[in-house]
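Below, each chain spelled out in residue letters.
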There are 2 protein chains.
Amino acid sequence: MSVDGTQEFTRAPRTTPTRYRERATWEREAIHAILDEGYLCHLGFVVDGAPVVLPTLYARVGDRLYVHGSTGSRPLRGAADAGMPVCVTVTLVDGLVLTRSAFNHSVNFRSVVAHGTARQVTDPAERAIALDALVNQAVPGRAGDCRPANDKELAATAVVRLDLDEVSAKVRADGADDDPEDLDLPYWAGVIPVRTVHGTPVPDPGLAPDRPLPGYLGERS
Amino acid sequence: MSVDGTQEFTRAPRTTPTRYRERATWEREAIHAILDEGYLCHLGFVVDGAPVVLPTLYARVGDRLYVHGSTGSRPLRGAADAGMPVCVTVTLVDGLVLTRSAFNHSVNFRSVVAHGTARQVTDPAERAIALDALVNQAVPGRAGDCRPANDKELAATAVVRLDLDEVSAKVRADGADDDPEDLDLPYWAGVIPVRTVHGTPVPDPGLAPDRPLPGYLGERS
């Protein structure tokens, strides 16, 4: 996995982000599937001409991505007025690909890169949907099983939306791709699977000892 | 985990990246430890005033980070001349933190954000060190057990260096942090551990069936 990455998964490889609305249904569904599996994005924006990349949670709701933060946060303040150019990137790593040659080593991964203008969300109903979605994206089912934000907390929270518009997705899901003349070299080749796993939930010490684990936590892998 | 993130791990929290050389030894070591555990970064740069964030492999060698790509890659070409302003971000997720209130939900994580000017590396010796390090960062020990790049492959590969200079690191490693008045609410709270695991290596079908797995692969977790 280098800066160039691999081909896009589209049948006709594209080198630039493509208008989301021009994509085929299967492409939009593939983009959604990648976005729905993750919950951490890397949000890029520009400050004084220089790039800044921060990790943050996100949620997808339909054809929109949401992130949130403190109303005092510099990048989110930037999204309050005319909007802020951003790039949201979501990457899922599936495997390390070892080839006989150093050059052909690669990574199996799925990624989505979305470009556009982020804007602060002020509508209370949309903000509530986004905040629930942010909790549920990381822990499905959780938003309905905790205390919702009160007015003071809502006032301290900025919600920012990015409409899916210019989007590219890349997928590599393949084995070792060695040059033919390297196949007899005496080196191991193959794929090391990589995945993210969730361990046994650790209860807060303040919980009653007999409090059961919520059902939505028991089903996680 | 919101756009603001948490406090830096430094004793005196800082809101802006700090000169790497001004940091205490323990801080530099903490930054190195985060960087050494990962191998995937998100590289941010600016194209026509807009941010671009791409996932790519990286390696740390001393106080330098390296990424690589095709010599035809647009961002790497940008690093060839005067250098290119970049932001390299590495994020390791350790847990999902569930609190009684939606507002206090959080993520346990460790991240490093490095700002600076990326420059192409032309010195053959440094390029060789960087390319070996890129392989070894993802699979320690592998660079010595595959065919090194030949002249044609080297000619097609751009190596870019970012000296660690303006660097910030953030760590959250804590339990559920609820407001006192929420502690008796009837919701589960605690931490769901998250980690990245490597599965059993899958040999390439072209390997001889009796070829043993290299020792450096057997030791992976």
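To be clear, the structure that these remarks concern was listed above.
K.L.:
Teacher, can you tell me more about the interface of chain B and chain A here?
P.N.:
A common way to express how large an interface is: the accessible area buried when the components associate. Each partner contributes residues to the interface: chain B has 87 residues there, and chain A has 87 residues. In total, chain B and chain A occlude about 7000 Å² of area from one another, counting both sides; carbon and sulfur atoms represent 66% of this. At the boundary of chain B with chain A, the tally comes to four salt bridges. Where Arg-147 of chain B meets Asp-182 of chain A, a salt bridge forms, and the shortest distance between an N and an O atom there is 2.8 Å. Inspection of the region where chain B meets chain A yields 29 residue pairs in polar contact (both at pLDDT 80 or more). For the side of chain B that touches chain A, the element with the highest residue contribution is strand 10 (residues 190-198) of chain B, accounting for nine residues.

K.L.:
Whenever I open this one, the relation of the copies chain B and chain A confuses me. Can you help?
P.N.:
Each of the two chain copies goes to the other by way of a rotation about an axis and a shift along it. Superposing chain B onto chain A takes a rotation of 180° combined with a translation of 0.0 Å along the rotation axis, leaving an RMSD of 0.0 Å. What we have between these two chains is a two-fold relation. The C-alpha atom lying nearest the rotation axis in chain B is that of Thr-196 of chain B; the distance is 2.1 Å.

K.L.:
What am I meant to see in the environment of Gly-144 of chain A here?
P.N.:
Residue and element names in this part refer to chain A. Of note, Gly-144 is situated in the loop between helix 3 (124-138) and helix 4 (151-155). Residue class for Gly-144 comes out exposed when judged on its relative accessible area of 73%. Taking the C-alpha atoms as reference points, Gly-144 and Asp-132, twelve residues apart in sequence, are found 8.0 Å from one another.

K.L.:
Any chance you could explain the pattern of salt bridges here in plain terms?
P.N.:
When their charged atoms lie close together, side chains carrying opposite charge are able to pair. Residues and elements named next belong to chain B. For the structure shown, the criterion picks out 32 salt bridges over all chains. In this structure, Arg-64 engages Glu-126 in a salt bridge whose closest nitrogen and oxygen atoms are separated by 3.2 Å. Placement of Arg-64 in strand 5 (residues 64-70) and of Glu-126 in helix 3 (residues 124-138) is noted, with a sequence separation of 62 residues between them. With relative accessibility at 31%, the residue Arg-64 sits in the partly exposed group. Assessed through its relative accessible area of 14%, Glu-126 is described here as buried.

Analysis parameters
Positions within a chain are numbered from 1, following the residues in the order the chain's sequence is written. Key to labels: chains lettered from A, ligands numbered from 1, both in the order written. With pLDDT at 70 or above as the cut-off, local features in this predicted model cover only qualifying residues; side-chain atom pairs require 80 or more to be listed or tallied, and sums for whole chains, interfaces and linings still use all residues. Only heavy atoms go into the side-chain values, all of them from the structure, while hydrogens and water stay out. Contact definition: two residues touch when any of their heavy atoms are within 4.5 Å. Here the quantity called buried area is the total loss of accessible area, with a 1.4 Å probe, experienced by two parts when brought into contact, counted for both. The rule for a salt bridge is simple: a side-chain nitrogen of Lys or Arg has to be within 4 Å of a carboxyl oxygen of Asp or Glu. Under the rule applied, a polar contact is a pair of N or O atoms within 3.5 Å (in protein, one hydrogen donor and one hydrogen acceptor; residues adjacent in sequence only if both atoms are side-chain atoms). Helix numbers and strand numbers start at the N terminus; a helix is a DSSP run of H or I with at least 4 residues, a strand a run of E with at least 2. Least squares is the method used to superpose the copies, on C-alpha atoms of residues holding a pLDDT of at least 70 in both. Here's how the labels work: a residue is buried when its accessible area is under 20% of the maximum for its type, exposed when over 50%, partly exposed in between, all with a 1.4 Å probe on protein chains only.

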